[in-house]
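Single-letter residue listing:
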Amino acid sequence: MTALEVEALSLTRQGERVLSDISFTLRPGEFLGLLGPNGAGKTTLLRALQGLLPHEGRSSLAQISAEARARRAAFLPQARDLAWPMAVRDLVALGRLPWTGAARSDDHRAVAAALTRMELEALADRPADRLSGGELARALIARLLAQETPLLLADEPGAGLDPARQISTMQVFADLAREGRAVVASVHDLGLAARFCTRVLVLQEGRLVADGPPAEVLSDSLLDQVFGLRVWRGEAGGLPLLAPIALT
Ligand SMILES: Nc1ncnc2c1ncn2[C@@H]1O[C@H](COP(=O)(O)OP(=O)(O)OP(=O)(O)O)[C@@H](O)[C@H]1O
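The structure presented is a predicted model; accordingly, all values stated were derived computationally and were not measured. (Residues numbered from 1 in each chain as written. Predicted model: local features only at pLDDT ≥ 70, side-chain atom pairs only at ≥ 80, totals over all residues. Heavy atoms only, no water.)

Asker: Teacher, can you tell me more about unusual backbone geometry here?
Answerer: For residues other than glycine, phi is negative in most cases, and the peptide bonds are mostly trans. Positive phi outside glycine occurs at Ala8, with the angle close to 50°. As for its position among the elements, Ala8 is in strand 1 (residues 4-13). Look at Glu119: it is not a glycine, yet its phi comes out positive at around 50°. Tracing the sequence through the fold places Glu119 in the loop between helix 4 (107-117) and helix 5 (133-146). Residue classification places Glu119 among the partly exposed residues on the basis of a relative accessible area of 46%. (Helix = DSSP H or I, 4+ residues; strand = E, 2+ residues; numbered from the N terminus. Buried < 20%, exposed > 50% of the residue type's maximum accessible area, 1.4 Å probe, protein only.)

As structure tokens, then:
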């Protein structure tokens, strides 16, 4: 059983090749970190594989109806927009909209669980337009969680979060993967990707240049070649530490 199959996906925008021949298969239990420099194609890939952008090739998610897709995959876009002011609890409850019939009896539990996972209980009744940027980012992640889909797609979920919240959010995604969901998140923090992701996929100029466990993929030569970075490496609590030091 697979959570997502992407086969030979390519995309051209304004005559420029933005994605070239991307193929990968994701299984339940995987937390995939999508890495790559600015402009490498991470956002484009996250959108194209849902069928939100015209592309060549195949994605299992792009082939199904929008209704079925919303029950299979939840998406956190890069923009942290709030369409109109509403209480945080109601914002999170929007994640339940794809569900109908008997599944709606789970709404209360799913919203409460998402608020708890993102430590938002104390803010649940606050109008979402009166949150800080990081608090709103957490509320939007809670909306993603409340959708309770087998696959979660998140574009830079750590953006705007303080270091502790970045760690706890990566931990939430890692836990969800361990519980049997599949997660794809674009991540700029190589250290967090190394610690929490079970697998990383590295994009460079729209091409897939590496795919595998972080310990194997994030070699000195790859980080030099793709990011132009030299890193410090260590270990804490049985998990790898990796911190950029300088440009190569
Ligand atoms: N609307 C658009 N029209 C044309 N080109 C675009 C458009 N949006 C993005 N691009 C180009 O597509 C390429 C990939 O962009 P994308 O946003 O997917 O990169 P990214 O890896 O998500 O970058 P970042 O880390 O900066 O968020 C870039 O060269 C970008 O300039």
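What follows continues from the structure just given.
Asker: Before we go on, may I ask you to explain the nonpolar core in this structure?
Answerer: Ranked by internal contacts, the top residues of the largest apolar core, which has 55 residues, are Phe31, Leu35, Val92, Leu145, Phe173, Leu218 and Leu222. Considering every element that reaches this core, the biggest residue donor is helix 5, with nine residues. Not counting residues within four places of it along the chain, the set of residues in contact with Leu145 comprises Ala114, Arg117, Met118, Leu152, Val172, Phe173 and Leu176. Core analysis: the second largest hydrophobic core is formed by 27 residues, Ala3, Leu11, Leu61 and Leu153 among them. (Core = buried A, V, L, I, M, F, W, Y, C linked by side-chain atoms within 4.5 Å. Contact = heavy atoms within 4.5 Å.)

Asker: How should I be thinking about the site of the ligand in this particular structure?
Answerer: Neighbouring residues of the ligand: 14 residues in total, closest Arg13, Gly39, Lys42, Thr43 and Thr44. Here an oxygen atom of the ligand sits 2.8 Å away from a polar atom, N or O, in the main chain of Gly39. Within the side chain of Thr44, one N or O atom sits 2.5 Å away from an oxygen atom of the ligand. Against a free-state accessible area of 640 Å², the protein chains account for coverage of 61% of the ligand. For the shell around the ligand, the leading source of residues is helix 1 (residues 42-48), giving three residues. Taken together, the residues of the shell around the ligand sort by class into three nonpolar, eight polar and three charged. (Near = heavy atom within 4 Å. Polar contact = N/O pair within 3.5 Å; in protein donor to acceptor, adjacent residues only side chain to side chain. Areas by Shrake-Rupley, 256 points an atom, 1.4 Å probe, with all protein chains shown as cover. Nonpolar A, V, L, I, M, F, W, Y, C, P; charged D, E, K, R; others polar.)

Shape descriptors only; they carry no functional weight alone.
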